[in-house]
Amino acid sequence: MLDFIRKNASSVIFKVILGIIALVFVFWGIGSFQSNRMTIIASVDGEKILYENYRIAYANAIERYQQMFKGKLPQGFLEGMNIKGQVLDSLIDKMLIKKTARQLGVRVSDEEVRQSIVTMPAFQQEGKFNKDIYEKLLRSNRLTPAQFEAEIRDEIITDKTRSLILSMVQVSDVAAADYYKFENAEKQLSYGVIEAASCIPEVNISDEELKTWHDAHKEDFKTEPQIAIRYLMLDENELTNAVSVSDNEILGYYDTHTSEFDVKEERRARHILVKIPKDATDDQQEQAHSKATALLQQLRSGESFENLAQKHSDDPGSATKGGDLGFFGRNVMVPAFEQMVFSMDPGQISEPVKTQFGWHIIKLEEIKPGGIRQLDGVRGKIETKLRKEKAKELNLQRSNEIYEKIMLSSSLDTFIKENAMPVQLSGNFTEKNVPINLGLNKETVKTLFALEKGGLSSILQTNKGMMIAEVMEKKPAIVPKLDEVREKAIAKLKEEKAETLCMEKANALLAKSKESGSFEKTLKDSGVEAKTSSFFKTSDSTAGGSLPTQVTEVGAELSNKNKVADHAVKIDNKIYMVAFAQNKDDKKAPTDEELASTKARLLRQKQESFYKDWLESLRHAHKIEINQRLLQG
């Protein structure tokens, strides 16, 4: 947080941060924060976490996400991300770190706090700390210096403790070299891309060529038939509140539709998947089983299922959620998996289970029993459904009566005048571009387009109710003359010729690359940037997401002996040239720079993992109590 404040001190965000800080200041020895009477949301070994502190931290988190999403959070985002739980977890972690810091003898002097505050740009004027600005800023956010100082002190303690813990993690040169080989044991491609549009300036088109092309592509410019209608919309929702449903009707529906209220048993489970490679050898099969068995032993020794799933599960869809698959019923999972899940008790961890995906270790979390829901629990749903059904029947009856009156009138105009019925008008539309407010399905639209101008439809079903429509205007499809679409025709022909020209250029560059022996240099000399894909396995059809499937398929056939592709690949408006870069069988040793980079990256990964595990171990070592009612309220 300190670093964040320093970088954003002059922004609006800083004011938000100031508004959420609540602790003690000793800068000038002023005040203390008395809040023992406030509601407790959680405790760590009896130390209280106040609801007010949680509420402020939660508001700050919401503010950050709103800024991230430009003011409007996606529907279900907060629940799906469990933001409430995340915020409380961060407060618990903070308290655990403070307790550990005291045990380790980590201290922060008043002078360290003072120096941290006086160097913050928000409190400076002409490069120097200004006490008046400092106090004014805090007062404007209803803070005393005491409250702000304690947050700074906690941040420094956290940073010091984290540094101390992470200093225990080391990575040797041997480990870094092994990791480098592991990371690079895959194929890598070099590729270049030519945008088809880049060749458009080189394209010239004569009038004769344009005419010949247009004659062959006239149908490409053919317009679609259009109609415009006026209509009566008989909305069934207008009648919903006018109908009543008796208790006997509700009971009768319940008794005759029990299958609608039959809830099947569902179970919530987690799993750790150890994937077995396609066409795996016996050794690979055994390695996968041994890994699954080793993971099971760790679980039986008290390791967290969630943590092991996050680190070791090969199921990307559930690994990030600690292996959580959510609730599911029967006939959802593969047979062997389902059979095991539905034979377990909550909290039980299975032996390794083999499916076509690999070996699974399963933990059953919860069971939702099945059965028929009670009438009181579905009464409202039944009543709503019966009201809609009755309203629909009444609306159909009303529609038939109105339609008969229209037929008895000389025209729709006459009916409208005599009955003062509101009529609505649509603009021109095609079968593929129907106004959403009409609520028409494809078949109903076809019915309307089959009518002649002045034709009256039958009673049409819409998603709002019933419609009676008259076609006011009808425009047939036409093939425009060249002069009417000249600019569009020129643009399309130029695009086609540009693609052909760029493809020829790309194929020529590939041929030249084969002759010169340097794909990258050939592209560079021609002004095309040579890029490299991610390292990827043969089974990865997108080269780590860096290339389209069709390009990767061509690259998969390349090797040290056949480095450059025979032809370019066109994907949409891009032309790809691809060549072999490195093979997964390469035994190239890392350079000193690569080794240092790998070592630094591996150290960061190990430190992050170690720190996360350390926090988890603290949670297991301390008594943590959470007021779930208050948290979920």
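A. Broad picture of the sheet that holds strand β11 (residues 358–368). With antiparallel pairing, the four strands of this open sheet are ordered in space as β9-β8-β11-β10. Each edge of the open sheet carries a strand with a single partner, namely β9 (324–328) and β10 (353–355). Adjacent strand axes in the sheet meet at a mean angle of 40° when their direction is disregarded. Here three bridges tie β10 to β11, and the two strands are oriented antiparallel to one another. Along β11, the bridge assignment pairs V353 with H360. Contacts between helix α13 (residues 282–300) and the sheet are confined to β8 (266–275), β10 and β11, with β11 contributing the most and set at about 40° to the helix. Its contacts with the sheet place helix α14 (residues 305–312) against β8 and β11, and it is angled at close to 45° to β8.

B. Representation of the side chain of H622 within the structure. Within the secondary structure, H622 is located in the loop between α23 (592–621) and β19 (624–626). Note on H622: relative accessible area 14%, which makes it buried. A distance of 2.5 Å separates the side chain of H622 from the side chain of D45, its partner in a polar contact. With near-sequence residues (within four places) excluded, H622 lies in contact with V44, D45, L96, K99 and Q103.

C. Local environment of helix α3 (residues 51–68). Over its 18 residues, α3 extends 25 Å from the first C-alpha to the last, a length consistent with the 26 Å expected when each residue adds 1.5 Å. For α3, the set of buried residues is Y54, I56, A57, N60, A61, I62 and Y65. K70 occupies a position one or two residues after α3 and carries a positive phi of about 60°.

D. Spotlight on the nonpolar core. One finds I41, I49, Y54, L88, Y611 and W614 to be the most contacted residues of the largest nonpolar core, which totals 27 residues. Contributing elements (two or more residues each) for this core: β1 (40–44), α3, α5 (83–104), α8 (145–166), α23 and α24 (628–632). The leading source of residues in this core is α5, at eight residues. Those residues in contact with L88 that lie beyond four places of it in its chain are I41, A42, I49, Y54, I626 and L631.

E. The arrangement of the side chain of H214 in detail. Mapped onto the fold, H214 is located in helix α10 (residues 207–216). When sequence neighbours within four positions are dropped, the list of residues in contact with H214 reads F221, P480, K481, L482 and V485.

F. Geometry of the sheet that holds strand β15 (residues 465–475). Pairing is antiparallel in the open sheet, where four strands are placed in the order β13-β6-β15-β14. Looking at strand neighbours, the two that pair on one side only are β13 (424–425) and β14 (460–461), the edges of this open sheet. Pairing analysis gives 10 bridges linking strand β6 (residues 226–235) to β15, with the strands arranged antiparallel. When the bridges of β15 are listed, I227 appears paired with K474.

G. Here's a closer look at the confidence of the model for the chain. Averaged over every residue, the pLDDT of the chain is 86; residues scoring 70 or more account for 92%. Low pLDDT, under 50, characterises residues 1–37; the stretch is placed with 81 contacts to residues that sit more than four places away or in other chains.

H. Region of interest: the environment of K570. Relative to the helices and strands, K570 resides in strand β17 (residues 569–571). On a C-alpha basis, the gap between K570 and M503 in space is 7.6 Å, while along the polypeptide they are 67 residues apart. The residues touching K570, leaving out its near neighbours within four places in the chain, are E499, M503 and I575. Only 2.9 Å separates the side chain of K570 from the backbone oxygen of D572, close enough to count as a polar contact.

I. Layout of the state of the cysteines. In the structure shown here, the tally under the stated rule is one disulfide. Between the sulfur atoms of C199 and its disulfide mate C502 the distance is 2.0 Å. With the S-S bond torsion at 115°, the cross-link from C199 to C502 turns out right-handed. Of this pair, C199 sits in the loop between β5 (188–195) and α10 while C502 sits in helix α20 (residues 486–516); the two residues are 303 residues apart in sequence, bridging distant segments of the chain. Each of the two residues, C199 as well as C502, counts as buried.

J. Structural detail: the packing of α8 against α23. Where α8 meets α23, the closest approach of the two axes is 10 Å, and the angle between their N-to-C directions is 115°. Relative to α23, α8 is oriented roughly perpendicular. The hand of the α8/α23 crossing is right-handed. Judged by residue contacts, T161, R162, I165 and L166 of α8 engage Q607, F610, Y611 and W614 from α23. When its residues are assigned to classes, the contact of α8 with α23 shows five nonpolar, two polar and one charged.

K. Quick look at the pattern of salt bridges. Tallying each qualifying case throughout the model produces 39 salt bridges. Among the salt bridges present, the one from K160 reaches E112, with a minimum N-O distance of 2.8 Å. Pair noted here: K160 is in helix α8 and E112 is in helix α6 (residues 110–118), with a separation of 48 residues, a long-range link. Owing to a relative accessible area of 30%, E112 belongs among the partly exposed residues under this scheme. Note that E249 is salt-bridged to K390, the shortest N-O span being 2.9 Å. Of this pair, E249 sits in helix α12 (residues 247–256) while K390 is found in helix α17 (residues 375–408), placing the two residues 141 residues apart along the sequence. Residue classification places K390 among the partly exposed residues on the basis of a relative accessible area of 26%. Through salt bridges with shared partners, a single ionic network connects D45, E47, K99 and R102.

L. The arrangement of the pairing of β5 in detail. Where burial is concerned, most of β5 is hidden: six out of the eight residues are buried. Alignment of β5 against strand β16 (residues 531–532), held across two bridges, turns out to be antiparallel. The partner of S190 across the bridge, within β16, is T532.

M. Fine view of the packing of α13 against α14. Contact geometry of α13 with α14 gives a least axis separation of 10 Å together with a crossing angle of 155°. Of the possible angle classes, the one that applies to α13 and α14 is roughly antiparallel. The two elements α13 and α14 meet at a crossing, and its hand is right-handed. On the side of α13, the interface is formed by K291, L295, Q298 and L299, while α14 contributes F305, L308 and H312. Split by residue class, the contact of α13 with α14 holds four nonpolar, two polar and one charged.

What counts as what
- Residues numbered from 1 in each chain as written.
- Predicted model: local features only at pLDDT ≥ 70, side-chain atom pairs only at ≥ 80, totals over all residues.
- Heavy atoms only, no water.
- Pairing = 2+ DSSP bridges.
- Helix = DSSP H or I, 4+ residues; strand = E, 2+ residues; numbered from the N terminus.
- Axes fitted to C-alpha atoms, helices over the stretch in contact; angles between N-to-C directions.
- Contact = heavy atoms within 4.5 Å.
- Buried < 20%, exposed > 50% of the residue type's maximum accessible area, 1.4 Å probe, protein only.
- Polar contact = N/O pair within 3.5 Å; in protein donor to acceptor, adjacent residues only side chain to side chain.
- Expected span 1.5 Å × (residues − 1).
- Core = buried A, V, L, I, M, F, W, Y, C linked by side-chain atoms within 4.5 Å.
- pLDDT = per-residue confidence, 0-100.
- Disulfide = S-S within 2.5 Å.
- Parallel < 35°, antiparallel > 145°, perpendicular 65-115°, else oblique.
- Left-handed = near helix turned anticlockwise from the far one by under 90°.
- Nonpolar A, V, L, I, M, F, W, Y, C, P; charged D, E, K, R; others polar.
- Salt bridge = Lys/Arg side-chain N within 4 Å of Asp/Glu carboxyl O.

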